[in-house]
Amino acid sequence: MLVLMCSVGTDRLAIPVQSVTEVIPRVELHAPLNSPDWLAGHFVYRGHPAPVVVLTTAMNQATNRLSDRIILTSFSINSHTEIVGLMVNGATTQELPYADADAAGRDGSMKSQWGTILLDASGMFHLVDLTTILRPEMLDILFPPTEGREGPQ
Amino acid sequence: MSISSLSNLSFRGRMWLLLAAFLVGYVSLHVMNQQMVQAVQVNGPLYDRIVEGKDIVADILPPPEYIIESYLVVLQLVQETDAEQRQALIQRFQALQMEYDVRHKFWEETLKDEKIRKTLVVDSFLPAKEFYDAVNRTVIPAVKEGKPDDELLQLVRSEVQPKYDQHRKAIDETVALSNQRIKDDEAAGKNTIRWWFTMQVVVGAALLILVGSISFAIGRGIVVPTTLMINRVQDMAEGAADLTKRIQVTSTDEVGQLGNLINALIQKIHDLVVRVRVSTIELHSTSTEIAAASSEQSNTMTNFNASTSQIAAAVKEITASGQELVRTMDDVQSRATGASALADAGRSGLLGMEESMHRLGDATNSISSKLGTIRDKASGINMVVTTITKVADQTNLLSINAAIEAEKAGESGRGFLVVAREIRRLADQTAVATLDIEQMVRHMQSAVSAGVMEMDKFSQEVRMCSGKVSEISGQMAQVIEQVQIVSERFQNVNDAMRQQSAGARQIDEAMQQLMTGCKQVTSTVRDFTAAATNLREAAQGLHQEVGRFTVSG
């Protein structure tokens, strides 16, 4: 399975490419007033405003580097397809020796708040599901619900 | 004793005189007082005369407060037969009654003694009152009716006589009490006089002691310090040498002030002597110095005489040396001219060197500007490297997105996935190569900066050299000028030397005159030395005179 390997602070994250719409460089973001800590801001993606979420932990202070990337994923909300960005650092593709995420989940014995903990030549990383990171209550704040909602496409 | 004879007495004598006067006055006053008391005291002559007079009156006159006369009139009335006489006796009786009432009222108001008052005013009065009432009620009406004498007498005996007897008893008691009181009063009077006499003697003795001690204290307070002062001043008058002794002043009165003033006077004399002593010492040392200086001057004059002779000889030698110096100066002048020519040649060489320096500076500046151009170019390369880095980053992103799309396409995208991976590898290599270029350009830039700095330093040194060469050239010019001036001065010196030679002869003549003057001065100095010695001896004598005084400090 092909994953997008990136890092947030000192953690390395592996995101399955099936859930990724596109990877773009860091762009200028407009943060709304009184927004929550995890919301970095909005930018215009192909004619529509898209929110960008930043993962903050105790170790992870928000940085501003040339190698920052925004991973875009899409949700079907209120019968619209909405794009949500995730701010990471140094994204690159990597082939994992598993058929899919379930197989990897069975192989990895340890779980973290991000997902399953796995190992490779560079060390430890978390195989994560974007629905785990972008929690429903975050989406409720970003897109106030009027109808039903589906998972990532 | 007059005032003038008083001032001849000493203070102690005056005090004794005052005490004696007081004693005489007091004793005479006491004796006079005693005489007066003797004259007027109780049982004294005057008192006896007054009492005698009172006794005579009391013995002769019938007492109004004692009703014996009234009783006699009643008895007379009883025996009288003539009507007219009876009427007169009744009137007499009534007058006596009125008189008794008046006296009784008087005694009632004035008498203070309780015992006598009771016997006289109460015990004797009540029977007297009843007596008068009985006479008026019974006897007088019976007489007027013309009753017989026996009946009247009977009436008097029964009604009147008992009252009279009662009254008489009370009066006797009163008299006894009064006599006792007089005796007591006389004894009290004697006691009073004796007590006051004793008091006078005691108070007089105490006063005498008090006045005597105060006089003694005052006399002592004046006499003792005055004696001290007189002794001290007498010492001073007889020429006592010790000026440090002072009178001890213990009081602040006039005597104390006088003592303080005498002390201040002695202090003034003391200060004066101290100053005179210091001045004497200075005078002595100064005269000694003068004597020494004058004898030294005398020696100096002798030396001066010898020196003058030597100088005269030396002047002759100077004249000869001057001639030789003139010849030497001519030689020096010709050599100075040669030095001037050599300095000129050196200066033209320096000018050529300065020009070369200027050319070197220009070349350095040109190299510096070329190095600046190289630095600008390196900056251009930096910009290109940044652009390449950005392109490589974009290519990397593109390859990632392509790989994602290929993975999503599944099996049909496999081939494309390989291409995308290859593109990413190329992009990574580009990034690494760019990093190398960037590093090389940075090295080059630092090398060029170091070169520019070195060139600047070199250029500055060249400028400094050029400045120094100019300075040396200027100094050479000054040397040439000075040598030329010196050459002229040598000529002047030559002329002056000739004039000096003539002047030396004149000096020789002047020296002869000076030697004559010196001899005269020497004799004068000798006289002065003798005068200074006399002065020193006089100062010595003054110092011994002043030294007799003892002073502090």
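Residues numbered from 1 in each chain as written. Chains lettered and ligands numbered in written order. Predicted model: local features only at pLDDT ≥ 70, side-chain atom pairs only at ≥ 80, totals over all residues. Heavy atoms only, no water.

Here we look at the overall build of chain B
For step 1, the next point in the chain: When helices and strands are counted, chain B shows 10 helices and zero strands.
For step 2, the next point in the chain: Order of helices (α) and strands (β) in chain B, N terminus to C terminus: α-α-α-α-α-α-α-α-α-α.
For step 3, the next point in the chain: In summary, chain B has a C-alpha radius of gyration of 80 Å against a globular reference of 24 Å for 553 residues, an excess of more than 25%.
For step 4, the next point in the chain: Overall, the C-alpha framework of chain B stretches about 210 × 145 × 35 Å when taken along its three principal axes.
For step 5, the next point in the chain: Within chain B, contacts between residues at least 6 apart in sequence are counted, and of these 80% link residues at least 24 apart.
For step 6, the next point in the chain: Summed over all atoms, the accessible surface of chain B reaches about 36,900 Å², with 61% contributed by carbon and sulfur. (Helix = DSSP H or I, 4+ residues; strand = E, 2+ residues; numbered from the N terminus. Rg over C-alpha atoms; globule rule 2.2 N^0.38 Å. Contact = heavy atoms within 4.5 Å. Areas by Shrake-Rupley, 256 points an atom, 1.4 Å probe, with all protein chains shown as cover.)

Some thoughts on a negative patch on the surface
For step 1, the next point in the chain: Where like charges cluster on the molecular surface, the negative patch consists of D48(B), E52(B), D55(B) and D59(B).
For step 2, the next point in the chain: Mapped onto the secondary structure, E52(B) falls in helix 3 (residues 45-60). (Patch = residues over 30% accessible without salt bridge, like charges linked within 9 Å, V, L, I, M, F, W, Y side chains within 5 Å. Salt bridge = Lys/Arg side-chain N within 4 Å of Asp/Glu carboxyl O. Lys, Arg positive; Asp, Glu negative; His and termini not counted. Charge placed at Lys NZ, Arg CZ, Asp CG, Glu CD.)

Structural notes on the interface of chain A and chain B
For step 1, the next point in the chain: With 17 residues of chain A at the interface, the matching set in chain B holds 14 residues.
For step 2, the next point in the chain: When chain A packs against chain B, the two sides together hide about 1,300 Å² of surface, and 52% of this comes from carbon and sulfur.
For step 3, the next point in the chain: Its largest share of buried area at the contact with chain B, chain A owes to L2(A), R69(A) and T93(A), together 33% of the area lost on that side.
For step 4, the next point in the chain: The tally of links between chain A and chain B comes to one salt bridge.
For step 5, the next point in the chain: As a salt-bridge pair, D393(B) and R69(A) come within 2.8 Å of each other at their nearest N and O atoms. (Buried area = accessible area lost by both parts, 1.4 Å probe.)

Remarks on the nonpolar core
For step 1, the next point in the chain: Counting residues in hydrophobic clusters, the biggest one holds 37 residues, and the most contacted among them are L4(A), L13(A), I15(A), V23(A), V53(A) and L86(A).
For step 2, the next point in the chain: Within the residue set of this core, elements represented by two or more residues are strand 1 (2-8), strand 2 (11-16), strand 6 (68-77), strand 7 (80-95), helix 2 (130-133) and helix 3 (136-142) of chain A together with helix 9 (254-409) and helix 10 (414-547) of chain B. (Core = buried A, V, L, I, M, F, W, Y, C linked by side-chain atoms within 4.5 Å. Buried < 20%, exposed > 50% of the residue type's maximum accessible area, 1.4 Å probe, protein only.)

Examining the pairing of strand 5 (residues 48-54) of chain A
Where a strand is regular, its side chains alternate between the two sheet faces.
All names here are of chain A.
For step 1, the next point in the chain: The element strand 5 is largely enclosed, with a buried count of five among its seven residues.
For step 2, the next point in the chain: Two strands pair when backbone bridges link them, and strand 4 (residues 39-45) and strand 5 are joined in this way by six bridges, in the antiparallel orientation. By the bridge assignment for strand 5, H42 is matched with P51.
For step 3, the next point in the chain: In this antiparallel pair of consecutive strands, strand 4 and strand 5, the connection spans two residues, and R46 shows a positive phi of 50°.
For step 4, the next point in the chain: Where strand 5 meets strand 7, three bridges bridge the pair, whose relative direction is parallel. Paired with V54 across the strands is M87, a residue of strand 7. (Pairing = 2+ DSSP bridges.)

Concerning helix 2 (residues 11-40) of chain B
Note that an α-helix has 3.6 residues per turn; residues three or four places apart therefore point the same way.
Residues and elements named next belong to chain B.
For step 1, the next point in the chain: Its 30 residues give helix 2 an end-to-end C-alpha distance of 44 Å, which sits within 8% of 44 Å, the value for a rise of 1.5 Å per residue.
For step 2, the next point in the chain: Listed in full, the buried residues belonging to helix 2 are M15, L19 and H30.
For step 3, the next point in the chain: Contacts from the buried residues of helix 2 go to helix 8 (149-237). (Expected span 1.5 Å × (residues − 1).)

Structural notes on the confidence of the model for chain A
For step 1, the next point in the chain: Scored by pLDDT, chain A comes out at a mean of 83, with 89% of its residues at no less than 70.
For step 2, the next point in the chain: Mean pLDDT values over the elements of chain A span from 55, in strand 11 (residues 149-152) of chain A, up to 92, in strand 3 (residues 22-25) of chain A. (pLDDT = per-residue confidence, 0-100.)

As for the domain arrangement of chain B
For step 1, the next point in the chain: Segmentation of chain B into domains returns domain 1 (3-213) and domain 2 (264-547).
For step 2, the next point in the chain: Its C-alpha centre places domain 1 of chain B at a distance of 143 Å from the equivalent point of domain 2 of chain B. (Domains from an automatic or database assignment.)

What to know about the pattern of salt bridges
For step 1, the next point in the chain: Scanning the model with the defined rule gives 16 salt bridges over all chains in all.
For step 2, the next point in the chain: Among the ionic pairs, R12(A) bridges to D120(A), the shortest N-O distance being 3.2 Å. Taken together, the residues R12(A) in strand 2 and D120(A) in strand 9 (residues 115-120) connect sequence positions 108 residues apart.
For step 3, the next point in the chain: We note a salt bridge from R181(B) to D113(B), for which the minimum N-O separation is 3.7 Å. Linking R181(B) in helix 8 with D113(B) in the loop between helix 5 (83-110) and helix 6 (114-123), this pair joins segments that are 68 residues apart in sequence.
For step 4, the next point in the chain: Residue classification places R181(B) among the partly exposed residues on the basis of a relative accessible area of 38%.
For step 5, the next point in the chain: On the basis of relative accessible area, D113(B) is assigned to the partly exposed category, the value being 27%.

Considering the side chain of H104(B)
For step 1, the next point in the chain: Structurally, H104(B) can be placed in helix 5.
For step 2, the next point in the chain: In this view, H104(B) contacts E65(B), V121(B) and F125(B); residues no more than four positions away in its chain are not counted.

Thoughts on a nonpolar patch on the surface
Residue and element names in this part refer to chain B.
For step 1, the next point in the chain: On the surface, a cluster of nonpolar side chains totalling about 410 Å² of accessible area is made up of I374, I381, I437, M440 and M444.
For step 2, the next point in the chain: Those elements giving two or more residues to the nonpolar patch turn out to be helix 9 and helix 10.
For step 3, the next point in the chain: Inspection of the secondary structure puts I374 in helix 9.

Comments concerning the packing of helix 5 of chain B against helix 6 of chain B
Residue and element names in this part refer to chain B.
For step 1, the next point in the chain: Two numbers describe how helix 5 lies on helix 6: the axes approach to 10 Å, and their chain directions differ by 155°. When the axis of helix 5 is compared with that of helix 6, the two are roughly antiparallel. Of the two elements, helix 5 crosses helix 6, and the hand of that crossing is left-handed. Residues H104, W107 and E108 of helix 5 touch helix 6, and the partners they reach there are R117, L120 and V121. (Axes fitted to C-alpha atoms, helices over the stretch in contact; angles between N-to-C directions. Parallel < 35°, antiparallel > 145°, perpendicular 65-115°, else oblique. Left-handed = near helix turned anticlockwise from the far one by under 90°.)

Observations concerning the packing of helix 6 of chain B against helix 8 of chain B
All names here are of chain B.
For step 1, the next point in the chain: Two numbers describe how helix 6 lies on helix 8: the axes approach to 9 Å, and their chain directions differ by 160°. Our classification of the angle between helix 6 and helix 8 gives roughly antiparallel. Crossing of helix 6 over helix 8 shows left-handed handedness. Every residue of helix 8 that contacts helix 6 at K115, I116, T119, L120 and D123 is listed here: A170, I171, E173, T174, L177, S178 and R181.
For step 2, the next point in the chain: Residue composition of the contact of helix 6 with helix 8, grouped by class: five nonpolar, three polar and four charged. (Nonpolar A, V, L, I, M, F, W, Y, C, P; charged D, E, K, R; others polar.)

Points about the packing of aromatic side chains
Residue and element names in this part refer to chain B.
For step 1, the next point in the chain: Across all of its chains, the model carries 12 aromatic pairs over all chains by this definition.
For step 2, the next point in the chain: Ring plane angle 70° and centroid distance 5.1 Å describe the contact between F106 and W107, whose orientation is recorded as edge-to-face.
For step 3, the next point in the chain: Exposure remark for W107: the relative accessible area of 27% places this residue in the partly exposed category.
For step 4, the next point in the chain: Put simply, the rings of Y66, Y71, F93, Y100, F125, F131, Y132 and Y164 pair up and form one aromatic cluster. (Phe/Tyr/Trp six-rings, centres within 6.5 Å; stacked < 30°, edge-to-face > 60°.)

Some words on unusual backbone geometry
Outside of glycine, negative phi angles account for most residues, and trans bonds account for most peptide bonds.
All names here are of chain A.
For step 1, the next point in the chain: Despite not being glycine, N34 shows a phi value in the positive range, around 60°.
For step 2, the next point in the chain: Summarising the element assignment, N34 is placed in the loop between strand 3 and strand 4.
For step 3, the next point in the chain: Of the residues examined, N34 reaches a relative accessible area of 81% and is grouped as exposed.

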